[in-house]
Amino acid sequence: MKKTELTYRIIHAVFYSLSLLPFRILYIFSDIAYLVVYYVVRYRRRLVRSNLTSAFPEKSEKEIRRIEKRFYHFLCDYLNETIKLLSISSDELLRHIEFRNVEQLEESFDRGQPCAAILGHYGNWEWLSATGLAMKRHKEAVMGLIYHPLYSSQAFDRLFLDIRQSMGGVCIERRDILRKLVEYKRENRMSLFGYIADQSPKWMNIHLWLDFLNHDTPVFTGAERIMRKMKNTVFYVDMQRTSRGHYVCTFRKLTDKPQEMEEFEITRRFFAMLEQSIRKNPEVYLWTHNRWKRTHEEYDRRMKEKEEHEKTE
């Protein structure tokens, strides 16, 4: 047996065993992990504080600290809730997450129109893989997520694939997604794919800057291009945490004719709606990501250097 395979089996066995524990025990682990992560390890605390302070300049230091602590507590809950997907039954999971407006997804499928869901790192986005469980008439539809392989560890990459596909969904690499969507369309298979669209794009892939959480922010527009090309019905995923371990996921339709909208309008609406969600409950957003590391000034400098270099060639 290869070392990578052995490592994967050991890791899977450990996390699967943890997932068998009831939620009340897992949340005790979360409480302990929070103390370690926040007070001992101090995982990215400086970055989180900076992100929160700049995103909410109107809030006092006391309010920022309260959001910060709640975020780290949620982050530990999120990790345990994600591990739980390895063994939780579909019935039990549906007691913890409610899907609303699913009938609009199915109405789109009735018309023969596939769907796309656009979301941010907000709430427990991993649990969205269970959307297919809420379907009444289109249980055969493909429920999918676009993912980036974890190249640093094949074992953990396989583990996360197991987690994300545990509820019947499929994971497709970003580089393969358009080919797969065309394939599904040719086969007349309905699909719903989720696009987490609040990542920081690479310098050469920046086509749009928006005001997002009090920052001039470069935004990812690739998801919109795919939605327009595939003529998807597009939904914003509003995922609210109602209590510990309980969520309400509402699909809010943005358009069923993306190809007729102005360029970047879907992306603009998405970020406006995401900001509204975050301001309602800021502690369940992923603040450990260095989302504003790229500045407009540096972008302009790089583009100018690129143009000058091209002229000299």
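Predicted model only: the values in this text are computed from it and were never measured.

1. Looking at the packing of helix 8 (residues 177-186) against helix 9 (residues 222-230)
At a closest axis distance of 11 Å, the pairing of helix 8 and helix 9 adopts a crossing angle of 20°. With respect to their mutual orientation, helix 8 and helix 9 come out roughly parallel. As for how helix 8 packs across helix 9, the hand of that crossing is right-handed. Residues I177, L178, L181, V182 and K185 of helix 8 form the contact with helix 9, whose own contacting residues are I226, K229 and M230. Class assignment for the residues of the contact of helix 8 with helix 9 results in 6 nonpolar, no polar and 2 charged.

2. Looking at unusual backbone geometry
Phi is positive for N101, close to 70°, though the residue is something other than glycine. Looking at the element boundaries, N101 is found in the loop between strand 1 (97-100) and helix 6 (102-110). A positive phi is found at N188, a non-glycine position, where the angle reads about 60°. Inspection of the secondary structure assignment puts N188 in the loop between helix 8 and strand 5 (191-196). A residue is classified by how much of its surface remains accessible, and N188, at 59% relative accessible area, is exposed.

3. Describing the sheet that holds strand 8 (residues 233-243)
One open sheet holds the 7 strands; their spatial order is 1-9-8-2-5-3-4, and the pairing between them is mixed. Of all the strands in the sheet, just strand 1 and strand 4 (170-173) have a single pairing partner and so form its edges. When the angles between neighbouring strand axes are averaged without regard to direction, this sheet yields 30°. Pairing of strand 2 (residues 115-119) with strand 5, which is carried by 5 bridges, proceeds in the parallel orientation. In the strand pairing of strand 5, I118 is matched with Y195. Sheet strands touched by helix 10 (residues 265-280): strand 2, strand 8 and strand 9 (246-255). Its angle to strand 8, the strand with the most contacts, is close to 5°.

4. Regarding the nonpolar core
Nonpolar side chains in soluble globular proteins tend to end up buried together. By size, the foremost hydrophobic cluster in this structure holds 87 residues, and its most contacted members are F99, F193, Y195, L213, F251, I278 and W287. Ranked by the residues each element gives to this core, the list is headed by helix 4 (residues 61-84), at 8 residues. The contacts of F99, once residues within four sequence positions are left out, are L94, W127, L128, A130, T131, A134, C249 and F251. Counting residues in each nonpolar core, the second largest holds 5 residues, with W203, W209, Y299 and M303 among its members.

5. A closer look at a nonpolar patch on the surface
On the surface, a cluster of nonpolar side chains totalling about 830 Å² of accessible area is made up of I28, F29, I32, L35, V36, Y39, V40, V41 and Y43. A relative accessible area of 42% places Y39 in the partly exposed class.

6. Brief notes about helix 2 (residues 23-41)
Along an α-helix, residues three or four apart share an orientation, since each turn contains 3.6 residues. Listed as buried for helix 2 are F23, L26, Y27, S30, Y34 and Y38. Looking at the buried residues of helix 2, the elements they touch are helix 1 (3-19), helix 3 (45-55), helix 4 and helix 5 (90-94). Phi turns positive one or two residues past the end of helix 2, at R42, with a value near 55°.

7. Things to note about the environment of R302
With respect to the helices and strands, R302 occurs in helix 11 (residues 296-312). Look at R302 and you get partly exposed, because its relative accessible area is 31%. It is 39 Å that separates the C-alpha atoms of R302 and M143, two residues lying 159 residues apart in sequence.

Definitions and cut-offs
- Residues numbered from 1 in each chain as written.
- Predicted model: local features only at pLDDT ≥ 70, side-chain atom pairs only at ≥ 80, totals over all residues.
- Heavy atoms only, no water.
- Axes fitted to C-alpha atoms, helices over the stretch in contact; angles between N-to-C directions.
- Helix = DSSP H or I, 4+ residues; strand = E, 2+ residues; numbered from the N terminus.
- Parallel < 35°, antiparallel > 145°, perpendicular 65-115°, else oblique.
- Left-handed = near helix turned anticlockwise from the far one by under 90°.
- Contact = heavy atoms within 4.5 Å.
- Nonpolar A, V, L, I, M, F, W, Y, C, P; charged D, E, K, R; others polar.
- Buried < 20%, exposed > 50% of the residue type's maximum accessible area, 1.4 Å probe, protein only.
- Pairing = 2+ DSSP bridges.
- Core = buried A, V, L, I, M, F, W, Y, C linked by side-chain atoms within 4.5 Å.
- Patch = residues over 30% accessible without salt bridge, like charges linked within 9 Å, V, L, I, M, F, W, Y side chains within 5 Å.
- Areas by Shrake-Rupley, 256 points an atom, 1.4 Å probe, with all protein chains shown as cover.
- Salt bridge = Lys/Arg side-chain N within 4 Å of Asp/Glu carboxyl O.

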